[in-house]
Amino acid sequence: MTSQDSKILEEKNEILKNNLDHTLFSWSKQKGIQPLVVDHAKGVYLYTHDGKKVLDFSSGLMNVNIGHGDQRVTQAVVKQMEKASYVTPASATKIRGDLGKKLAEICPGDINKAFFTVCGATSIENAIKLARLYTGRHKILTRYRSYHGSTMGAMSASGDPRRLKVDVQQAPNFVHIEIPYKYRATGENWEQEAYDQLDRLIAFEGPENIAAIIMEGESGTSGCLQLPKGYWKKLREVCDEHGILLISDEVMSGFARTGKWFGVENHGVVPDIMALAKGITAGYLPFGALMVSDAIAKKFDNEPLMLGLTYSGHPVACAAALEVINIYEEDNLIHRTAAMGNYMEERIEEMKTIHPSIGDFRNKGLLGCIELVRNRKTKEPMASFNAKPTELVIMNQVKAKIAELGMYTFSKWSFIFIAPPLCISKEQIDEGLSILSEALKIADAVCES
Ligand code: PLP
């Protein structure tokens, strides 16, 4: 080891020590974690402090849609900071108005007004509050498996098992329904059963008590589960019939991720409220927005809107968002995502022929998930829903191999997510899939068929 190498190692160890000794990491036991020590990032790659190049195959947490290190955003942010780095939410600025106008232009139908937030959870939290204020009703209907954020309301709205650890703290009046799951459905009648279940639940809960139904525009960490055709349309009909608001959580599926501006546009439906975050600034700054229909906005023309955040309409975050939206357009990322998504699907179809552990692949644009199984016929999962650490031995080995080969991607239980930055090239997709293919040999070895 050269003296330069040992200096770098020493620095890296100090960074790690400061992080581990003085900061807490999300969703983990703190002892034994080995975070990647990232120094800088560019395009689809992260670079570690000790000079390792790591392919980011899930765009951070499915948010860095435009890719890392785009200096167009840096310039826009600096320019705004030089003018005004903070104004109160009661102030008007050019950047806030320009962003609101742009969002109204790209959002579907009559969704024309934005309330700015700071992240996905605060978008959902305010969506829930607004839906209750608007309808005067209290219940919120959401889906098991879904994730809507970690604050009290958003966590209670989620169907992700992370909420179970804080079960006693859950906010009241959230009702969950099963998310249709084609791959694991039993019987031919699964689509009809999904519709019938929805009708039954609404009748049981009393439609006059339900303020809103929240759905992910396209399923994300719930496993990229593809809905029956017409499911969103059915939801729209039910909501219209009973005066229930339809909320599309576009935090992960928004901003070109699925090959459209917003996931819900894949289903030909206009919701009443859309919750945005992640891709709105592609992770360059924390930010979010709640987009509302004209009818909802109108109600607050003559009564106070009881929502507020110190950082609502933050001018620097608005500048980042407006520039990121320009980049989606300038770099043609919506069209590109749809094309790259098709390429990804073709390549994974080929991989299925050599990897018996691939049970299913579900994808929309570049929001995809491989589900690993131990047996293709019985569909026994490689790790079950909310699997205990003892059930995760093989998946942990697969994950460790992916990391060893120089790739990062989000995974949980038997799901491996494929959601790279939308600027990814075919060659870079091939690079990621060949790493995945190598790692899947570990899972293939325990497959029974
Ligand atoms: N909604 C969805 C669909 C998400 O995927 C997430 C985060 O992954 C959230 C909301 C919460 O976003 P945040 O972590 O920015 O609060």
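Only a predicted model underlies this, so the values are computations on that prediction, with no experimental measurement involved.

### Some points on the overall build of the chain
Moving on, step 1. Helix and strand counts for the chain stand at 13 helices and 16 strands.
Moving on, step 2. What you see for the chain is a C-alpha radius of gyration of 22 Å, in line with the 22 Å of a compact globule of 449 residues.
Moving on, step 3. With respect to the three principal axes, the spread of C-alpha positions in the chain is 70 × 60 × 45 Å.
Moving on, step 4. Considering the chain as a whole, with its 449 residues, one finds that 53% of them fall into the buried category.
Moving on, step 5. Contacts in the chain between residues far apart in sequence, at least 24 positions, make up 73% of those at least 6 positions apart.
Moving on, step 6. Entry remark: accessible area of the chain is about 20,300 Å², with carbon and sulfur atoms responsible for 53%.
Moving on, step 7. Once the 52 positive and 55 negative side-chain charges of the chain are each reduced to a mean point, those two points are 2 Å apart.

### Considering the nonpolar core
Moving on, step 1. By size, the foremost hydrophobic cluster in this structure holds 104 residues, and its most contacted members are Leu-103, Phe-255, Tyr-328 and Leu-436.
Moving on, step 2. Ranked by residues supplied to this core, first place goes to helix α10 (residues 315-330) with eleven residues.
Moving on, step 3. Formed jointly, this core draws a minimum of three residues from each of two domains, domain 1 (36-66 + 332-444) and domain 2 (71-330).
Moving on, step 4. Those residues in contact with Leu-103 that lie beyond four places of it in its chain are Ala-114, Phe-116, Phe-255, Leu-276, Ile-280, Met-291 and Ile-325.

### Describing the sheet that holds strand β2 (residues 45-48)
Hydrogen bonds between backbone groups are what pair the strands of a sheet, and the pairing can be parallel or antiparallel.
Moving on, step 1. The strand order across the open sheet built from four strands is β1-β2-β3-β14, with neighbouring strands paired in mixed fashion. Here the strands that pair on one side only, and so sit at the sheet edges, are β1 (38-42) and β14 (407-408).

### Re the sheet that holds strand β4 (residues 111-117)
Moving on, step 1. The seven strands lie next to each other as β4-β10-β9-β8-β7-β5-β6, forming an open sheet whose pairing is mixed. Because the sheet does not close on itself, it has two edges, and the strands there are β4 and β6 (174-177). Between one strand axis and the next, the sheet turns by 20° as a mean value, whatever way the strands run.
Moving on, step 2. When strand β5 (residues 139-143) meets strand β7 (residues 210-216), the two strands line up parallel, connected through three bridges. Bridging across to β7, Ile-140 finds its partner in Ala-212.
Moving on, step 3. Helix α4 (residues 94-106) contacts β4, β9 (273-276) and β10 (288-293) of the sheet and is inclined by roughly 135° relative to β4.
Moving on, step 4. In the packing of helix α7 (residues 190-205) onto the sheet, contacts are made with β5, β6 and β7, and the angle to β6 comes to roughly 160°.

### Regarding the domain arrangement of the chain
Moving on, step 1. Domain parsing of the chain yields domain 1 (36-66 + 332-444) and domain 2 (71-330).
Moving on, step 2. With centres defined by C-alpha atoms, the gap from domain 1 to domain 2 works out at 26 Å.
Moving on, step 3. Tallying the contact residues gives 37 residues for domain 1 and 40 residues for domain 2.
Moving on, step 4. Both faces considered, domain 1 and domain 2 share a buried interface measuring about 3,000 Å² in area, 59% of it formed by carbon and sulfur atoms.
Moving on, step 5. Linking domain 1 with domain 2 are three salt bridges.
Moving on, step 6. Put simply, the parts of the chain that give the side of domain 1 that touches domain 2 at least two residues each are α2 (59-62), α11 (333-354), β11 (358-364), β12 (367-375) and β16 (415-418).

### So, the environment of Thr-23
Moving on, step 1. Inspection of the secondary structure puts Thr-23 in the loop between α1 (3-22) and β1.
Moving on, step 2. In the structure, Thr-23 is positioned 71 residues away from Lys-94 in sequence and 37 Å away in space, judged by C-alpha atoms.
Moving on, step 3. Those residues in contact with Thr-23 that lie beyond four places of it in its chain are Asn-18 and Gln-30.

### Examining the packing of α4 against α10
Moving on, step 1. For the pair α4 and α10, the least separation of the axes is 9 Å and the interaxial angle reads 40°. Relative to α10, the element α4 is oriented oblique. Classified by chirality, the crossing of α10 by α4 is left-handed. On the side of α4, the interface is formed by Ile-95, Arg-96, Asp-98, Leu-99, Lys-102, Leu-103, Glu-105 and Ile-106, while α10 contributes Pro-315, Cys-318, Ala-319, Ala-321, Leu-322, Ile-325 and Glu-329.

### Overview of the site of the ligand
Moving on, step 1. Neighbouring the ligand are Cys-119, Gly-120, Ala-121, Tyr-147, His-148, Gly-149, Asp-249, Val-251, Met-252 and Lys-278.
Moving on, step 2. In the model, an oxygen atom of the ligand is placed 2.7 Å from a nitrogen or oxygen of the Ala-121 main chain.
Moving on, step 3. Contacts to the ligand include Tyr-147, whose backbone N or O atom sits 3.4 Å from a nitrogen atom.
Moving on, step 4. If the ligand stood free it would expose 390 Å²; the protein chains cover 82% of that surface.
Moving on, step 5. For the shell around the ligand, the class distribution of residues is five nonpolar, three polar and two charged.

### Description of the packing of α11 against helix α13 (residues 426-444)
Moving on, step 1. For the pair α11 and α13, interaxial distance at closest approach is 11 Å and the crossing angle is 30°. It follows that α11 is roughly parallel to α13 by the angle criterion. For the pair α11 and α13, the sense of crossing is right-handed. Residue-level contacts link Met-340, Tyr-343, Met-344, Arg-347, Ile-348, Met-351 and Ile-354 of α11 to Lys-426, Ile-429, Asp-430, Leu-433, Leu-436, Ser-437, Leu-440 and Asp-444 of α13.
Moving on, step 2. By residue class, the composition of the contact of α11 with α13 is ten nonpolar, one polar and four charged.

### Section: the pairing of β2
Moving on, step 1. Judged from the four bridges that link them, β1 and β2 form a sheet pairing that is antiparallel. Note that in β2 the partner of His-40 across the bridge is Tyr-47.
Moving on, step 2. Counting the residues in the hairpin turn of β1 and β2 gives two residues, including Gly-43, whose phi is positive at 60°.
Moving on, step 3. The sheet contact formed by β2 and strand β3 (residues 53-56) spans three bridges and is antiparallel. Its bridge partner being in β3, Tyr-47 is matched across the sheet by Lys-53.

Rules and cut-offs
- Residues numbered from 1 in each chain as written.
- Predicted model: local features only at pLDDT ≥ 70, side-chain atom pairs only at ≥ 80, totals over all residues.
- Heavy atoms only, no water.
- Helix = DSSP H or I, 4+ residues; strand = E, 2+ residues; numbered from the N terminus.
- Rg over C-alpha atoms; globule rule 2.2 N^0.38 Å.
- Buried < 20%, exposed > 50% of the residue type's maximum accessible area, 1.4 Å probe, protein only.
- Contact = heavy atoms within 4.5 Å.
- Areas by Shrake-Rupley, 256 points an atom, 1.4 Å probe, with all protein chains shown as cover.
- Lys, Arg positive; Asp, Glu negative; His and termini not counted.
- Charge placed at Lys NZ, Arg CZ, Asp CG, Glu CD.
- Core = buried A, V, L, I, M, F, W, Y, C linked by side-chain atoms within 4.5 Å.
- Domains from an automatic or database assignment.
- Pairing = 2+ DSSP bridges.
- Axes fitted to C-alpha atoms, helices over the stretch in contact; angles between N-to-C directions.
- Buried area = accessible area lost by both parts, 1.4 Å probe.
- Salt bridge = Lys/Arg side-chain N within 4 Å of Asp/Glu carboxyl O.
- Parallel < 35°, antiparallel > 145°, perpendicular 65-115°, else oblique.
- Left-handed = near helix turned anticlockwise from the far one by under 90°.
- Near = heavy atom within 4 Å.
- Polar contact = N/O pair within 3.5 Å; in protein donor to acceptor, adjacent residues only side chain to side chain.
- Nonpolar A, V, L, I, M, F, W, Y, C, P; charged D, E, K, R; others polar.

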